[in-house]
Amino acid sequence: MQINQKRYTHIIVGAGSAGCLLANRLTSRAQNSVLLIEAGAWDDGFWLKLPVGYYKTMNNQKVSRHFACEPSEGSGGRSINWPRGCVIGGSSSINGLIFIRGQHQNFDDWAALGNHGWSYNEILPYFRRLENFNGEDSQFHGRHGELQVSKLRNHHPDCSAWLDAAHQYGLPLNDDFNADTTEGVGEYHLSIGARWRSSSSRAFLAPAKTRKNLDILTKTLVTRVLFKNKKAVGVEIDQEGQKQVLHAETEVILSAGAIQSPQILQLSGIGPEKLLKKHGIDVVVDKPGVGQNLQDHYQMRTIVQMRSRDSLNNQIRNPFSLLRMGLEWAFRGRGALTVGAGQVGGAMRTDFAPTDQPDLQLFVMPLSVDKPGEPLHRFPGFTSAIWQCHPRSRGSIEIKTPDPTAAPKIQPNYLADELDQKTMVEGIKILRQIYKQPKFRDLWDAEIVPGEQVRTDAEIIDAIRKGGGTVYHPVGTCKMGIDAAAVVGPDLRVHGVTGLRVVDASIMPLITSANTNAPTLMIAEKAAEMILASSH
Ligand SMILES: Cc1cc2nc3c(=O)[nH]c(=O)nc-3n(C[C@H](O)[C@H](O)[C@H](O)COP(=O)(O)OP(=O)(O)OC[C@H]3O[C@@H](n4cnc5c(N)ncnc54)[C@H](O)[C@@H]3O)c2cc1C
């Protein structure tokens, strides 16, 4: 084992959404000397930068790592595939670009669990600090951050008709989900600049990467954290087969995401004692909560066949429309090439909502596919989808072997809770009602998914189990809190050791209601301030 003599104050593991932002902020102080370590390569390549490139990159295993979940009853016995970015920028380099913070109450709920400092009013300044929003000024938005956040620049007639229909169904219009409330329907904000994806790499790492106090290692896997008297003192790495030890004088920060941060903790001896012993790992701290509390949004899509050929399914196949889209993107920074996963949608309360907050998120696209990342259907398709904002089902992540290159066992336990099932069934019924409103009902011919033959609640839940999937939002596996199951405290320090924090999506004690990139960036922004304050 080679020991690298260079001393760093901080080692950040994982250059994803959180890691890139942290690297920027920690190197803003000249006294710090920071090493950022990433398993993937640099994020070169056109498709990683073009917003619509999402459809190509998410399934490209040169830039994403695919984790096969354990089959479960909730997913009809299927193993669901979870891609995660494995490249500089992490999942922010391959994600669907939707930029939404979640309900204010989400953060108040975190604070109510004993996480002082994390209520909505306390975290709003961090959301503002990191963004450069191109919409109207308001107390909710920032203009001086590095992350470009833009209002939708592709107004598709089918999406506009769906918004009108949802309004006719009774949902209020909402022109900014990142302001007062997520409730209602409207257009999503996207993390794009004038023409290109604003990934965490492009926004935060690009301006910092030439700083003298930042070293970056790519194609390097951190295999474990090293401890001396329960203080993290460095990491062991595997760089294309070569093992090395690197030292951190102040802190090691895990930003490896909700799958791999708990995996690294378990490999390093922090986790459920029985599991660690089974794999011959020396126990540093018996922490049963590491890898537990896994939450994700399970999505079910409906697809209808439209009468007109406005669907992107047709337009992308037509060379003239494709050329028009290219020109619109190049000269005006607008049009279909400026979007990723979705365009419009919103949030609402079903009759099953246990609180006064929306329990259903809606998501609409003027196209259709069998699975995200697969070829567009040949018929003119339109998709509207739902997920439950706050699923009650909980899953887990556990190492299967002490080999750090092996994937851990992921059991998402989708739809294990009855309320989750009822909410999803209700959601499909609501989407069907929206399609039948006057503004939309004459625009389509047939329901393709789940299909008109699927009518009763039992048939709908069966279709959801067999046809639903992830929206790529795993969180919660190193949860923040003060209870026995918590892995980190409100300062994101790992309980039971010193010199080690976790800063990424895994620390969310409860999943936010919508997409998870914006809240992950906020977590990193707040963490950076705490880390800088503590090493002053
Ligand atoms: C296909 C897809 C679509 C999505 N769409 C959206 C969307 O539209 N809007 C939204 O808000 N959210 C979306 N998300 C979710 C969002 O991108 C994530 O919640 C967010 O990026 C998580 O950030 P993170 O920092 O926790 O982890 P990541 O960004 O995943 O970063 C973790 C990094 O750590 C690296 N790493 C892991 N283990 C090691 C190791 N042992 N050694 C070294 N490096 C390591 C990984 O390679 C990766 O680069 C999507 C995610 C995916 C995958």
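Here is what the cut-offs are and how they apply
- Residues numbered from 1 in each chain as written.
- Predicted model: local features only at pLDDT ≥ 70, side-chain atom pairs only at ≥ 80, totals over all residues.
- Heavy atoms only, no water.
- Domains from an automatic or database assignment.
- Contact = heavy atoms within 4.5 Å.
- Buried area = accessible area lost by both parts, 1.4 Å probe.
- Near = heavy atom within 4 Å.
- Polar contact = N/O pair within 3.5 Å; in protein donor to acceptor, adjacent residues only side chain to side chain.
- Areas by Shrake-Rupley, 256 points an atom, 1.4 Å probe, with all protein chains shown as cover.
- Axes fitted to C-alpha atoms, helices over the stretch in contact; angles between N-to-C directions.
- Helix = DSSP H or I, 4+ residues; strand = E, 2+ residues; numbered from the N terminus.
- Parallel < 35°, antiparallel > 145°, perpendicular 65-115°, else oblique.
- Buried < 20%, exposed > 50% of the residue type's maximum accessible area, 1.4 Å probe, protein only.
- Arc of directions from axis to C-beta.
- Salt bridge = Lys/Arg side-chain N within 4 Å of Asp/Glu carboxyl O.

Things to note about the domain arrangement of the chain
Each domain of the chain was delimited in the assignment, giving domain 1 (1-149 + 197-295 + 395-412 + 474-536) and domain 2 (153-187 + 297-390 + 414-473). If you average the C-alpha positions of domain 1 and of domain 2, the two centres end up 29 Å apart. Of the residues lining the interface, 43 residues belong to domain 1; the matching set on domain 2 comes to 41 residues. Buried surface at the junction of domain 1 and domain 2, summed over both partners, amounts to about 3,300 Å²; 54% is from carbon and sulfur atoms. Looking at the side of domain 1 facing domain 2, the largest losses of area belong to Tyr 55, Gly 74 and Gln 103, adding up to 17% of the total buried there.

Points about the site of the ligand
In the vicinity of the ligand there are 39 residues, among which Ser 17, Glu 38, Ser 91, Thr 516 and Asn 517 approach most closely. Taking Gly 85, its main chain carries an N or O atom lying 3.5 Å from an oxygen atom of the ligand. Taking Ser 91, its side chain carries an N or O atom lying 2.8 Å from an oxygen atom of the ligand. Summarising the interface, the protein chains cover 98% of the accessible area of the ligand, which totals 1,000 Å² for the free molecule.

With respect to the packing of helix H6 (residues 157-169) against helix H12 (residues 418-435)
Between H6 and H12, the shortest axis-to-axis distance is 8 Å and the interhelical angle comes to 110 degrees. Put simply, H6 runs roughly perpendicular to H12. From H6, Trp 162, Ala 165, Ala 166 and Tyr 169 reach across to H12, where they touch Ile 430, Leu 431, Gln 433, Ile 434 and Tyr 435.

Focus: unusual backbone geometry
Geometrically, the link from Val 449 to Pro 450 is a cis peptide bond, its omega value of 0 degrees lying close to zero. Examined against the element boundaries, Pro 450 turns out to sit in the loop between strand E22 (444-449) and helix H14 (457-467). The backbone of Asn 229 sits at a positive phi, close to 50 degrees, despite the residue not being glycine. Locating Asn 229 in the fold gives a position in the loop between strand E11 (220-228) and strand E12 (231-239). The exposed category is assigned to Asn 229, whose relative accessible area is 74%. One non-glycine residue, Asn 293, lies in positive phi territory at about 65 degrees.

A word on helix H4 (residues 104-112)
Taken together, the buried positions of H4 are occupied by Asn 106, Phe 107, Trp 110 and Ala 111. Seen end-on, H4 carries its buried residues on one side only, within an arc spanning 140 degrees. Of the surrounding elements, those touching the buried residues of H4 are helix H5 (120-130) and helix H15 (517-534). Downstream of H4 by a residue or two, Gly 114 has a phi angle that is positive, lying close to 105 degrees.

A closer look at the pattern of salt bridges
In this structure the tally under the stated criterion is 18 salt bridges. Across the salt bridge formed by Lys 429 and Asp 457, the nearest N and O atoms sit 2.7 Å from each other. In this pair, Lys 429 is assigned in helix H12 and Asp 457 in helix H14, connecting sequence segments 28 residues apart. On the basis of relative accessible area, Asp 457 is assigned to the partly exposed category, the value being 42%. Across the pair Arg 432 and Glu 447 runs a salt bridge whose closest N-O atoms are separated by 2.8 Å. Within this pair, whereas Arg 432 is found in helix H12, its partner Glu 447 is found in strand E22, the two being separated by 15 residues in sequence.

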